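Single-letter residue listing:
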Amino acid sequence: MNPTLTLNNGVTMPAIGLGVFQSEPAETSQAVRTALETGYRHIDTAAAYGNERQVGEGIAASGVDRSEIFVETKIWVSDYGFDQTLHAFDKATGKLGLEQIDLLILHQPATDRFPATVESYRALEKLLAQGRVRAIGVSNFTPRHLTDLFAATEVVPAVNQVELHPYFAQPELQAFHAEHGILTQAWSPIGGITFYPGWGEERVSVMDDETIAAVAKEHDRSPAQVMLRWHLQQGRSAIPKSTNPERIAQNFAVFDFELSAGELARIDALDRGVRSGPDPDVPRPERFAMVIPEA
Ligand code: A2P
C-alpha cells in the first residue's frame, strides 16, 4: 500500500507520485495512464514541463475516478504576480481538464523579484480559500525564502518540493520543515539529476553508488527501489519520473520490504551536501521568462 501523508491542513496525499519532468508530451499521456493502472494515485506535473495537457489526457484515458487521484502542478515564474497567478490557475486547469487542483505550488522563488513571488503565493491563498485548490505550497525554497514568505503571508506551505536524493539530502532543510509543519517532497528522488544525459560529464550517478548497490543486493531489489524506501521510511513524499512501463511498475513495488535503521543510516551517510540542480538563489532570467501558453 502506498502510504498516505497528511498535510498541515488535514488533506491527505499518497507518498509516491509519478513525476513527469522531462517526459516528452507524446509519452506523457501513456506514462500517466500506465501509472494509474499500476496503482499510482498521485501525479506531479508543472506548467513549465509543457505536458499538463497530456497529464489530463492520461487521467481521462485511465478511467480512474478523478476523486481518487491527487494532482499536483506548479506555477512558473513568468506567471508570478497576484492576477497573473490567478490566470495561471485557469491555464493549468484548462490544460489538465480539471476544475480543482489538489496541490498547487510555486515552482521556485524568483529571488530577483521576491515581492512578485509573495503576490503569487497570496493568489494561491485565495484559490485555497475558494476551494479551487485543496492545498498550496512551494518548491525549491530555502529556509531563508520560507522565513521571508512566512513574514508576508498567512498560510504555511503544506509542501516544499526540493532536490533530494542520497547525494543531496538537505538535513537542515528537512529539520526546518519538520519544525514548521511543512512536508518534504523529493524531486529527483532516485537521483535522476545525477545521471540525466547532458547535465555535466563530471557528475557521479547515485544510481551506481556501491553502498546503495550493496543494500539493494541484500533485499534483492534495485537501487531505485532502495532509494524510494529510504524516502518513505523517513516520511517524505517522492515523485520518481519514468516513461518506461517496467520502471513505472518497479518504482511502485516498494511497499513490501523494509530497510533497517542501520541501512537508512548508511544511506544518510552518503550525503555530499552538493546540489546537482540549479541553485535557487541564482536567478535565471532567460529561463524565468519562458512564456506558459494559454490553455
Ligand atoms: P526512464 O523514464 O527512461 O525510466 P528522477 O525521478 O530521480 O529524476 O529519475 C528519473 C530518471 O531515472 C529518468 O531518466 C528515468 O528514465 C530513470 N528511471 C526511472 N525509474 C528508474 C528505475 N527504476 N531504474 C533506473 N532508472 C530509472
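Reading the values: rules and limits
Residues numbered from 1 in each chain as written. Predicted model: local features only at pLDDT ≥ 70, side-chain atom pairs only at ≥ 80, totals over all residues. Heavy atoms only, no water. UniProt positions renumbered as here; feature names shortened; annotations may be inferred. Helix = DSSP H or I, 4+ residues; strand = E, 2+ residues; numbered from the N terminus. Buried < 20%, exposed > 50% of the residue type's maximum accessible area, 1.4 Å probe, protein only. Contact = heavy atoms within 4.5 Å. Near = heavy atom within 4 Å. Polar contact = N/O pair within 3.5 Å; in protein donor to acceptor, adjacent residues only side chain to side chain. 1 Å grid on protein atoms, 1.4 Å probe; cavity = no way out; pocket = protein on both sides within 12 Å on 5 of 7 lines; lining within 4 Å. Sits in = over half its atoms within 2 Å of the grid points. Nonpolar A, V, L, I, M, F, W, Y, C, P; charged D, E, K, R; others polar. Pairing = 2+ DSSP bridges. Core = buried A, V, L, I, M, F, W, Y, C linked by side-chain atoms within 4.5 Å. Salt bridge = Lys/Arg side-chain N within 4 Å of Asp/Glu carboxyl O. Arc of directions from axis to C-beta.

For the protein chain, the name recorded in an unreviewed UniProt entry is Aldo/keto reductase, with Kineosporia corallincola as its organism. Checking UniProt for the protein chain, the heading Sequence similarities (unreviewed entry) contains the comment "Belongs to the aldo/keto reductase family."

Participant: Can you walk me through the environment of Phe-252 in this structure?
Facilitator: Summarising the element assignment, Phe-252 is placed in the loop between helix H9 (245-250) and helix H10 (261-268). Classification of Phe-252 as buried rests on a relative accessible area of 13%. When the C-alpha atoms of Phe-252 and Val-156 are compared, they prove to be 30 Å apart, with 96 residues separating the residues in sequence. In this structure Phe-252 touches Asn-2, Ile-16, Thr-38, Gly-39 and Tyr-40, once residues within four positions along its chain are discounted.

Participant: Help me understand the site of the ligand in this model?
Facilitator: Surrounding the ligand, one finds 17 residues, the nearest of these being Tyr-196, Lys-241, Ser-242, Arg-247 and Gln-250. Contacts to the ligand include Pro-189, whose backbone N or O atom sits 3.3 Å from an oxygen atom. Here Ser-242 contributes a side-chain N or O atom positioned 2.5 Å from an oxygen atom of the ligand. Spatially, the ligand is embedded in the largest pocket. Residue composition of the shell around the ligand, grouped by class: 7 nonpolar, 8 polar and 2 charged.

Participant: Looking at this structure, I do not really get the sheet that holds strand S4 (residues 42-44). What am I missing?
Facilitator: Working definition: the strands of a sheet are paired by backbone hydrogen bonds and lie parallel or antiparallel to each other. The strand order across the open sheet built from 8 strands is S3-S4-S5-S6-S7-S8-S9-S10, with neighbouring strands paired in parallel fashion. With partners counted over all chains shown, the strands left at the sheet margins are strand S3 (18-19) and strand S10 (237-238), one partner each.

Participant: Would you mind going over the nonpolar core with me for this structure?
Facilitator: The tendency in soluble globular proteins is for nonpolar side chains to be buried as a group. Counting residues in hydrophobic clusters, the biggest one holds 86 residues, and the most contacted among them are Leu-7, Leu-18, Val-32, Leu-104, Leu-124 and Leu-259. Dropping the residues within four chain positions of it, Leu-7 is found in contact with Met-13, Phe-70, Ala-135, Ala-158, Val-159 and Leu-183.

Participant: In this structure, what is going on with unusual backbone geometry? I would like to understand it.
Facilitator: In this structure, Gln-22 is a non-glycine residue whose phi angle is positive, near 70°. Relative to the helices and strands, Gln-22 resides in the loop between S3 and helix H1 (25-38). Judged by relative accessible area, which is 37%, Gln-22 ranks as partly exposed. The backbone phi angle of Ser-188 is positive, close to 55°, even though this residue is not glycine.

Participant: For this particular structure, what's the right way to read the pattern of salt bridges?
Facilitator: Two side chains with opposite charge may pair up if their charged atoms get near one another. Tallying each qualifying case throughout the model produces 11 salt bridges. Among the ionic pairs, Glu-68 bridges to Arg-41, the shortest N-O distance being 3.2 Å. One end of the pair, Glu-68, is in the loop between helix H2 (52-62) and strand S5 (70-75); the other, Arg-41, is in the loop between H1 and S4, and 27 residues separate them in sequence. Looking at Glu-68, the relative accessible area reads 45%, which means it is partly exposed. Note on Arg-41: relative accessible area 22%, which makes it partly exposed.

Participant: When you look at helix H7 (residues 210-219) in this model, what are you seeing that I'm missing?
Facilitator: One full turn of an α-helix is made of 3.6 residues, so residues set three or four places apart face in the same direction. Buried residues of H7: Ile-212, Val-215 and Ala-216, and no others. On an axial view of H7, the arc spanned by its buried residues comes to 100°, and they lie on one face. Residues Glu-210, Lys-217 and Glu-218 are exposed on H7 and point more than 90 degrees away from its buried face. Lining the buried residues of H7 we find helix H8 (223-233) and H10. Two residues or fewer after H7 comes Asp-220, characterised by a positive phi angle close to 55°.

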